[in-house]
Amino acid sequence: MIRIISAALFAVAAVFSSANAQAQQTLAQIKSRGVLNCGSNTGLIGFGAPDAQGNWSGLDVEYCRAIAAAIFNDPAKVKFIPLSANDRFKALLAGDVDVLVRNSTWTITNDTPPGLLFTNVNYYDGQGLMVRRKLGVMSVMQLAGASICVQRGTTTELNVVDYFKINNLRHTIVAFDTGPETLKAYDAGRCDAFTTDASSLYSERLKLTAPDDHMVLVEIISKEPLGPLTRDNDSQWFKLVRWVHFAMLNAEELGVTKANVDQMRGSTNPEIKRLLGIDGKFGEGLGLSNDWAYRIVKHVGNYGESFERTVGSRSVLRMSRGQNALWTKGGLQYAPPIR
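Residues numbered from 1 in each chain as written. Predicted model: local features only at pLDDT ≥ 70, side-chain atom pairs only at ≥ 80, totals over all residues. Heavy atoms only, no water.

The subject of this paragraph is the overall build of the protein. Counting its regular elements, the protein contains 13 helices and 13 strands. Compactness check: the protein gives a C-alpha radius of gyration of 21 Å against a globular reference of 20 Å for 339 residues, within 12% of the reference. For the protein, with 339 residues in total, the buried portion stands at 54%. A fraction of 73% describes how many contacts in the protein between residues 6 or more apart in sequence connect residues 24 or more apart. Within the protein, the 32 negative side-chain charges are centred at a point lying 2 Å from the centre of the 36 positive side-chain charges. (Helix = DSSP H or I, 4+ residues; strand = E, 2+ residues; numbered from the N terminus. Rg over C-alpha atoms; globule rule 2.2 N^0.38 Å. Buried < 20%, exposed > 50% of the residue type's maximum accessible area, 1.4 Å probe, protein only. Contact = heavy atoms within 4.5 Å. Lys, Arg positive; Asp, Glu negative; His and termini not counted. Charge placed at Lys NZ, Arg CZ, Asp CG, Glu CD.)

Next comes the structure, spelled out in structure tokens:
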């Protein structure tokens with residue numbers, strides 16, 4: 001789910017653009033500071049959420065830890081800065097965070113303001129709808145005349161209006177200013193259905209009074225490619241963040257895991273040797289040591305391990321890989337080679 005960028009954000013972007021020439025290298029600042037400032041969700045189970053003790057977990061959180069591992073050889077050197085949907089882009093442009101990894105959808109609206117740059121897609125998502133099981137509804141096409149809870153001013157609202165119009169389904173939008181307000185209203189019975197990104201639906205369902213009384217419908221009504229963003233004035237930093245994801249994908253494809261990565265350093269496979277920094281100097285262009293990808297896998301794991309641990313079969317969400325499977329397994333996750 002994304003909030004439409006306001007005129008105020010464009011104003012911030014304009015100020016940022018004028019300062020580009022004076023901008024310091026992001027990586028140098030991070031190394032000097034000794035910690036990565038990572039913009040995160042305020043609390044989305046599976047992607048980015050702190051527990052009662054303040055320990056963060058989630059797929060996006062592990063991406064931040066992987067970046068820290070590549071830089072510092074220490075995944076703990078991350079400061080997580082929770083940001084609302086409305087504030088996330090402004091915080092990145094203002095320099096409050098070094099990278100934004102907060103289930104943000106790659107759209108032209110989010111991609112074109114000066115200063116913003118998506119690095120890649122770390123989760124292919126789509127908008128879905130959740131209903132109460134007692135309604136007996138198994139398809140969106142059975143929701144004619146339904147009321148739908150949605151967060152106001154988001155592409156989520158636009159998507160559901162478009163979908164219902166295209167399919168000639170009468171409906172009533174019940175909009176609220178924030179995500180928590182929207183979910184609370186649905187839980188209280190103020191509408192028949194609740195809509196947001198499908199991945200978020202599984203997470204939000206756990207917060208309902210009686211989670212098992214609700215189900216996520218099978219239809220996906222939009223494309224929601226989620227990914228990290230950097231500022232667009234530092235190409236080296238942009239490439240570093242992008243290649244962290246690619247390294248995790250390549251590791252999975254090559255069968256390099258957190259458990260076997262040390263053993264794999266003795267592999268005769270040239271692709272594995274390049275990945276783990278045994279052959280070549282592929283960290284230099286990123287401003288990193290040549291064992292940067294080894295550090296990522298050693299401390300965090302490959303993409304598949306991270307996925308299963310945070311949102312997949314080993315998590316409370318138990319979501320399938322689906323489109324997020326490797327390209328060799330029929331999915332969309334595909335990384336350029338390290339060579």
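Here we come to the pattern of salt bridges. With the rule as written, the count across this model stands at 10 salt bridges. Residue Arg-205 pairs with Asp-212 through a salt bridge whose shortest N-O separation is 3.5 Å. Asp-212 sits in the exposed class, given a relative accessible area of 59%. (Salt bridge = Lys/Arg side-chain N within 4 Å of Asp/Glu carboxyl O.)

A word on the pairing of strand β10 (residues 171–176). Summarising the sheet, strand β9 (residues 146–151) and β10 pair through 6 bridges and their orientation is parallel. The residue bridging Ile-148 from the neighbouring strand is Ile-173, located in β10. What joins β9 to β10 is helix α6 (residues 155–166), and the crossover it makes is right-handed. (Pairing = 2+ DSSP bridges. Right-handed = clockwise from strand over helix to strand, strands pointing away.)

Any two aromatic rings considered together are summarised by their centre-to-centre distance and by the angle between their planes. Within this structure, the stated rule accounts for 9 aromatic pairs. Here the aromatic rings of Tyr-163 and Phe-164 are separated by 6.3 Å at their centres, their planes lie at 65 degrees, and the arrangement is edge-to-face. Phe-164 matches Tyr-163 in its accessibility class, with the two residues each being buried. Through a chain of ring-to-ring contacts, three or more aromatic side chains come together here, namely Phe-47, Tyr-123, Tyr-303 and Phe-307. Over the aromatic face of Tyr-294 sits the side chain of Arg-265, whose NZ or CZ is 4.1 Å from the ring centroid. In this arrangement the basic side chain of Arg-321 is found over the ring face of Phe-307, its NZ or CZ atom lying 5.2 Å from the centre. (Phe/Tyr/Trp six-rings, centres within 6.5 Å; stacked < 30°, edge-to-face > 60°. Lys NZ or Arg CZ within 6 Å of the ring centre and 35° of its normal.)

Turning our attention to helix α13 (residues 303–310). Burial of α13 is extensive: 7 of the 8 residues sit out of reach of the surface. Among the residues of α13, those classed as buried are Tyr-303, Gly-304, Glu-305, Ser-306, Phe-307, Glu-308 and Thr-310.

One broad trend across soluble globular proteins is that nonpolar side chains are buried collectively. Counting residues in hydrophobic clusters, the biggest one holds 54 residues, and the most contacted among them are Ile-67, Trp-237, Val-244 and Trp-292. Residues in contact with Trp-292, not counting those within four places in the same chain, are Ala-70, Trp-243, Val-244, Ala-247, Phe-282, Gly-283, Leu-286 and Ile-338. In this structure, Leu-129, Val-131, Val-160 and Tyr-163 belong to the second largest nonpolar core, which totals 15 residues. (Core = buried A, V, L, I, M, F, W, Y, C linked by side-chain atoms within 4.5 Å.)

A few words on the sheet that holds β9. The strand order across the open sheet built from 5 strands is β10-β9-β11-β8-β12, with neighbouring strands paired in mixed fashion. Single-partner strands in this sheet number two, and they are β10 and β12 (214–216). Sheet twist, expressed as the average angle between the axes of neighbouring strands with direction ignored, equals 30 degrees. Looking at chain direction, strand β8 (residues 127–132) and β12 are connected through 3 bridges and run antiparallel. Residue Met-130 lies in a different strand from β12, and its bridge partner there is Val-216. Across the sheet, helix α7 (residues 179–187) touches β8, β9, β10, β11 (193–197) and β12, and the angle it forms with β9 is around 155 degrees. Relative to the sheet, helix α8 (residues 198–205) contacts β8, β11 and β12, its axis offset from that of β11 by approximately 125 degrees. (Axes fitted to C-alpha atoms, helices over the stretch in contact; angles between N-to-C directions.)

Attention shifts here to the confidence of the model for the protein. When pLDDT is averaged across the protein, the result is 92; 93% of the residues are at 70 or more. A low-confidence stretch, residues 15–22 stays under pLDDT 50, and its non-local contacts, those more than four residues away or across chains, total 8 contacts. (pLDDT = per-residue confidence, 0-100.)

Next up on the list: the side chain of Asn-120. In this fold, Asn-120 is placed in the loop between β6 (116–118) and β7 (123–125). Within polar-contact distance, the side chain of Asn-120 engages the side chain of Tyr-63 at 3.2 Å. Among the polar contacts listed, one links the side chain of Asn-120 to the side chain of Thr-119, at a separation of 2.9 Å. Setting aside chain neighbours within four positions, we find Asn-120 in contact with Tyr-63, Trp-106, Leu-226, Gly-227, Pro-228, Val-241, Arg-242 and His-245. (Polar contact = N/O pair within 3.5 Å; in protein donor to acceptor, adjacent residues only side chain to side chain.)

All right, on to the side chain of Asp-125 then. Inspection of the secondary structure puts Asp-125 in strand β7. The side chain of Asp-125 sits in the buried core without any salt bridge; Arg-88 is the nearest counter-charge, 11 Å away. Within the structure, the side chain of Asp-125 is placed 2.3 Å from the side chain of Ser-199, a separation counted as a polar contact.

All right, on to the environment of Ile-173 then. Examined against the element boundaries, Ile-173 turns out to sit in strand β10. Between the C-alpha atom of Ile-173 and that of Ser-84, which follows or precedes it by 89 residues, the distance is 22 Å. Excluding anything up to four places from it in sequence, Ile-173 contacts Ile-148, Val-150, Glu-157, Val-160 and Val-161.

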